[in-house]
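Each chain is listed here by its residues.
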Amino acid sequence: MRIVFFGSGDFGIPTLNALLASGHDIPAVVSQPARPFGRGGTVRPTPLAARAAEHGLVVTTPEKPNTPEFEAELRALGPELAVVVAYGHLIGKPLLAVPAKGFVNLHASLLPAYRGAAPVPWAILSGETVSGASVFRLDEKFDTGGVIDRVELPIADDDTSGTYLEKLAPAGADLMVRAVRSIQDGSAVVQTQDDSLASRAPKFTKEDGRIDWSRPFAEIERRVRAFQPWPQAFTVFETNRGPIRVNVGAMVRADETAGLAEAAVAPGGLVRADAKTGLVVMTGDGPARLAVVQPEGKRRMADTDFLRGTTLRE
């Protein structure tokens, strides 16, 4: 089948590879424009665009896809179907009408749960033990179209959003290949979503990563995992040289003995901070060790390594 592929992030790469391996004709890949990346501001294509170029595919990067100019470009490609995976733009009604068999999207949740831009972080934040992916038909609204197929995948106790998406991406690719095959042979069964069961998963800002130490340990620990790789859960410590922002990469319950100095420490206060035994902070229901941290502008490191070069104070 002749398919135009819309995608930008790493999550879509296995799906692109799988559709090519299945023999589908992909005349073009549509991705977001190249952007400055990292401290040096080097302009780089999106991960999906870079992989498409490696395959020798035509890549087009409209700043705004919902324009008459891009609609004409899409029509000229003559797609039977359009596949969308983590593209980053809402597709408007004129574009939806171009492919004869419409648009289908791979979404990283079991729809109608977690409609929105950040389904995996929200699933982890909410304490879900199982999530997955859905292939659904795009309509004019956001993640509301009829579902063609789903796949479930457990969320491990130590999964971050990044590790979960790495595991889900190949499962989602297989799901999309099956869905496309069913569309091609006419066997696809589309199930209407039950809006009464829907939940939202809006995108986050950097400030959303600030840790509220008054919350219970389990809730904070889920936030630490949910916000990797972005926006990162963080806190601010005082040092002799002023405040320092520190991303928290991993935290565990502190093994403190009873009786106890920490009983008088308020949430967010330091229970212990030395290079031998580590960095321990009080949460709303007990002390937590920040086992892996990343001071602003530096690499990730063990808490003990961080404390060899930094003295924290109350």
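Before any of the text, the structure's been laid out above.
One structure accompanies this document, and this report is about it. From a predicted model like this one, the values you see are computed outputs, not experimental measurements.

Secondary-structure assignment places Ser8 in the loop between strand S1 (3-7) and helix H1 (13-21). Looking at Ser8, its side chain comes within polar contact range of the main-chain oxygen of Tyr87, at 2.8 Å. Look past the residues within four positions of Ser8 in its chain and what remains in contact with it is Ser31, Gln32, Thr46, Pro47, Leu48, Val85, Ala86 and Tyr87.

What follows concerns the packing of aromatic side chains. Throughout the structure, instances matching the rule amount to 5 aromatic pairs. Three or more aromatic residues link up through ring pairs in this structure, and these residues are Phe6, Phe70, Tyr87 and Phe103. The aromatic ring of Phe234 is capped on one face by Arg245, whose charged end is 3.5 Å from the ring centroid.

Moving on to the environment of Arg300. Looking at the element boundaries, Arg300 is found in the loop between strand S14 (286-295) and strand S15 (301-302). Placed 110 residues apart in sequence, Arg300 and Val190 show a C-alpha to C-alpha distance of 45 Å. Contact partners of Arg300, with chain neighbours within four places excluded, come to Gln228, Gly249, Val292, Val293 and Gln294. Within polar-contact distance, the side chain of Arg300 engages the side chain of Gln228 at 3.2 Å.

Below, the discussion takes up helix H2 (residues 47-54). Spacing of three or four residues puts side chains on the same side of an α-helix, whose turn is 3.6 residues. Where H2 is concerned, the buried positions are Leu48, Ala49 and Ala52. The arc that holds every buried residue of H2, seen down its axis, measures 100°, which confines them to one face. Next to the buried residues of H2 lie S1, H1, strand S2 (29-30) and strand S5 (59-60). Directly after H2, the chain includes Gly56, whose backbone phi takes a positive value near 80°.

It is worth spelling out the nonpolar core at this point. Most often, soluble globular proteins keep nonpolar side chains buried together rather than apart. Counting residues in hydrophobic clusters, the biggest one holds 44 residues, and the most contacted among them are Phe5 and Val83. Per element, the largest residue contribution to this core is 10 residues, and it comes from helix H6 (residues 161-185). Apart from the residues lying within four places of it in its own chain, the contact partners of Phe5 are Gly12, Thr15, Leu16, Leu19, Ile26, Ala28, Val29, Val30, Leu48, Val83 and Val85. Counting 20 residues, the second-largest nonpolar core is a separate cluster that includes Val224, Leu270, Ala288 and Leu307.

Another point: helix H3 (residues 68-77). Among all positions in H3, only Phe70, Leu74 and Leu77 are buried. Taken end-on, H3 shows its buried residues confined to a sector of 55°, consistent with a single buried face. Exposed and oriented more than 90 degrees from the buried face of H3 are Pro68, Glu69 and Ala76. Where the residues of H3 are buried, they touch S1, S2, S5, helix H4 (93-96) and strand S7 (103-107).

Right, let's talk about the layout of surface pockets for a bit. If you add up the space inside the largest pocket, you get close to 1,800 Å³. Contributing to the lining of the largest pocket are 48 residues, with Gly9, Ala86, Tyr87, Gly88 and Ala117 lying nearest its centre. Taken together, the elements giving at least two residues each to the lining of the largest pocket come down to strand S3 (35-37), S7, helix H5 (119-125) and H6. Top element by residues in the lining of the largest pocket is H6. It accounts for 5 residues. Here the second largest pocket defines a volume of roughly 360 Å³. Taken together, Lys206, Pro229, Trp230, Pro231, Gln232, Arg245, Asn247, Gln294, Pro295, Glu296, Gly297 and Lys298 form the lining of the second largest pocket. When contributions to the lining of the second largest pocket are tallied by element, the ones reaching two or more residues are strand S11 (242-253) and S14. Among the residues making up the lining of the second largest pocket, the classes are represented as 4 nonpolar, 4 polar and 4 charged.

Taken in spatial order, the 7 strands of this open sheet run S5-S2-S1-S6-S7-S8-S9, and their pairing is mixed. Two strands bound the open sheet, and with one partner strand each, they are S5 and strand S9 (147-154). Relative to S7, strand S6 (residues 81-85) runs parallel, the two being bridged by 4 bridges. Looking at the pairing, Val83 lines up with Val104 of S7. Sheet contacts for H3: S1, S2, S5 and S7; angle to S1, the most-contacted strand, approximately 140°.

How each quantity is defined
- Residues numbered from 1 in each chain as written.
- Predicted model: local features only at pLDDT ≥ 70, side-chain atom pairs only at ≥ 80, totals over all residues.
- Heavy atoms only, no water.
- Helix = DSSP H or I, 4+ residues; strand = E, 2+ residues; numbered from the N terminus.
- Polar contact = N/O pair within 3.5 Å; in protein donor to acceptor, adjacent residues only side chain to side chain.
- Contact = heavy atoms within 4.5 Å.
- Phe/Tyr/Trp six-rings, centres within 6.5 Å; stacked < 30°, edge-to-face > 60°.
- Lys NZ or Arg CZ within 6 Å of the ring centre and 35° of its normal.
- Buried < 20%, exposed > 50% of the residue type's maximum accessible area, 1.4 Å probe, protein only.
- Arc of directions from axis to C-beta.
- Core = buried A, V, L, I, M, F, W, Y, C linked by side-chain atoms within 4.5 Å.
- 1 Å grid on protein atoms, 1.4 Å probe; cavity = no way out; pocket = protein on both sides within 12 Å on 5 of 7 lines; lining within 4 Å.
- Points joined across faces, edges and corners; volume = space filled by probe spheres on them.
- Nonpolar A, V, L, I, M, F, W, Y, C, P; charged D, E, K, R; others polar.
- Pairing = 2+ DSSP bridges.
- Axes fitted to C-alpha atoms, helices over the stretch in contact; angles between N-to-C directions.

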